[in-house]
Amino acid sequence: AQTVTQSQPEMSVQEAETVTLSCTYDTSESDYYLFWYKQPPSRQMILVIRQEAYKQQNATENRFSVNFQKAAKSFSLKISDSQLGDAAMYFCAYRILNRDDKIIFGKGTRLHILP
Amino acid sequence: GAVVSQHPSRVICKSGTSVKIECRSLDFQATTMFWYRQFPKKSLMLMATSNEGSKATYEQGVEKDKFLINHASLTLSTLTVTSAHPEDSSFYICSAFGAGINEQFFGPGTRLTVL
């Protein structure tokens with residue numbers, strides 16, 4: 001079975017500090033995308049960052065970066081200089097290429113930002 | 001980014017009635033749309049994959065006669081919850097995968113409350 005595991009149901013970080021959210025996944029496929037989505041209280045899903053599995057270089061988007069360890073099937077998200085607006089549910093997810101394009105989500109990590 | 005709308009944003013209905021939720025891609029053609037269900041403080045659970053002009057593919061455990069999906073055009077998919085019961089109360093989210101756009105875009109969700 002293809003699964004995504006987020007072992008931290010909740011995390012807190014002080015404003016302006018750095019926090020890392022963990023994610024592991026299990027797949028036998030070699031071509032896939034990995035994602036981190038943010039779901040704020042509005043419940044609109046927002047794509048934070050995307051990583052193509054064939055790329056060794058870790059993706060970065062401003063204050064957000066990932067640590068992609070393909071052999072270990074690990075895909076953590078680092079948020080630098082945390083801001084109050086970063087408070088949300090964060091979902092790790094992946095999609096297998098050239099299959100049915102469906103996204104498999106982890107259970108999520110609720111991130112609290114402490115002022 | 002591309003925009004996906006859902007209508008209505010929230011609906012309250014009586015037990016036994018049917019409710020239709022629309023998902024529209026506003027500025028791109030969606031070859032595939034997905035329907036998710038999200039319980040409070042839980043992750044997104046994929047219900048079905050909807051391809052334009054063909055029957056939807058339902059995930060295991062999802063009743064196809066209960067949740068009718070129609071993808072009549074490249075910009076519209078509908079989810080009809082038939083004979084709704086209180087246990088069908090949930091947050092329903094659609095996403096659209098664009099032809100030529102290698103990314104999924106999520107709608108804002110529909111909150112269904114069945115009394």
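Residues numbered from 1 in each chain as written. Chains lettered and ligands numbered in written order. Predicted model: local features only at pLDDT ≥ 70, side-chain atom pairs only at ≥ 80, totals over all residues. Heavy atoms only, no water.

## Brief notes about the nonpolar core
Most often, soluble globular proteins have nonpolar side chains that are buried together. By size, the foremost hydrophobic cluster in this structure holds 27 residues, and its most contacted members are Leu-21, Trp-36, Phe-75, Leu-77, Tyr-90 and Leu-111 of chain A. If you list the elements that add at least two residues to this core, you get strand E2 (10–14), strand E3 (19–21), strand E5 (32–39), strand E6 (46–52), strand E8 (64–69), strand E9 (74–79), strand E10 (88–96) and strand E12 (109–114) of chain A. Take this core: its biggest share by element is 5 residues, from E10 of chain A. The residues touching Leu-111 of chain A, leaving out its near neighbours within four places in the chain, are Met-11, Val-13, Val-19, Leu-21, Ile-79, Asp-86, Ala-87, Ala-88 and Tyr-90 of chain A. Residues Val-11, Cys-13, Leu-79 and Val-114 of chain B belong to the second largest nonpolar core, which totals 26 residues. (Core = buried A, V, L, I, M, F, W, Y, C linked by side-chain atoms within 4.5 Å. Buried < 20%, exposed > 50% of the residue type's maximum accessible area, 1.4 Å probe, protein only. Helix = DSSP H or I, 4+ residues; strand = E, 2+ residues; numbered from the N terminus. Contact = heavy atoms within 4.5 Å.)

## A word on the environment of Leu-74 of chain B
Residue and element names in this part refer to chain B. One can find Leu-74 in the loop between strand E7 (67–73) and strand E8 (76–81). Overall, the relative accessible area of 26% leaves Leu-74 in the partly exposed class. Measuring from C-alpha to C-alpha, the distance between Leu-74 and Trp-35 comes to 15 Å, with 39 residues separating the pair along the chain. Contacts of Leu-74, omitting those with residues within four sequence positions, involve Ser-25, Phe-28, Gln-29, Ala-30, Thr-31 and Glu-52.

## Some words on the sheet that holds strand E3 (residues 19–25) of chain B
All names here are of chain B. On the basis of which strands lie adjacent, the open sheet formed by 4 strands has the order E1-E3-E8-E7 and antiparallel pairing. Only two strands of the sheet have a single partner each, and these edge strands are strand E1 (4–7) and E7. Within this sheet the neighbouring strands show an average axis-to-axis angle of 15°, counted without direction. Relative to E8, E7 is paired through 5 bridges, and the arrangement is antiparallel. Bridging across to E8, Phe-67 finds its partner in Val-81. (Pairing = 2+ DSSP bridges. Axes fitted to C-alpha atoms, helices over the stretch in contact; angles between N-to-C directions.)

## Some remarks on the environment of Ile-79 of chain A
Relative to the elements of secondary structure, Ile-79 of chain A occurs in strand E9. For the pair Ile-79 of chain A and Ser-7 of chain A, spaced 72 residues apart in sequence, the C-alpha separation works out to 17 Å.

## Let's talk about unusual backbone geometry
Each neighbour pair has its own omega, and for His-7 of chain B with Pro-8 of chain B the value is 0°, a cis peptide bond. By the secondary structure assignment, Pro-8 of chain B is in the loop between E1 and strand E2 (10–13). Here Asn-62 of chain A, not a glycine, exhibits a phi torsion of approximately 55°, which is positive. Structurally, the position occupied by Asn-62 of chain A is in the loop between strand E7 (60–61) and E8. Exposure remark for Asn-62 of chain A: the relative accessible area of 81% places this residue in the exposed category. One non-glycine residue, Asp-81 of chain A, adopts positive backbone phi at about 50°. Turning to its location among the elements, Asp-81 of chain A is positioned in the loop between E9 and E10.

## A look at the state of the cysteines
Scanning the entire structure with this criterion turns up 2 disulfides over all chains. There is a disulfide in this structure between Cys-23 of chain A and Cys-92 of chain A, and the S-S distance comes to 2.0 Å. Negative torsions about the S-S bond denote left-handed disulfides, and the value of about -70° found for Cys-23 of chain A with Cys-92 of chain A makes this one left-handed. Taken together, the residues Cys-23 of chain A in the loop between E3 and strand E4 (24–26) and Cys-92 of chain A in strand E10 connect sequence positions 69 residues apart. Each sulfur of the disulfide joining Cys-23 of chain B and Cys-94 of chain B lies 2.0 Å from the other. On the S-S bond that ties Cys-23 of chain B to Cys-94 of chain B, the torsion sits near 80°, and the link is right-handed. One end of the pair, Cys-23 of chain B, is in strand E3; the other, Cys-94 of chain B, is in strand E9 (residues 90–98), with 71 residues separating them in the sequence. Of the cysteine sulfurs around Cys-13 of chain B, a residue in no disulfide, the closest is that of Cys-94 of chain B, at 18 Å. On the basis of relative accessibility, which here comes to 9%, the residue Cys-13 of chain B falls in the buried class. (Disulfide = S-S within 2.5 Å.)

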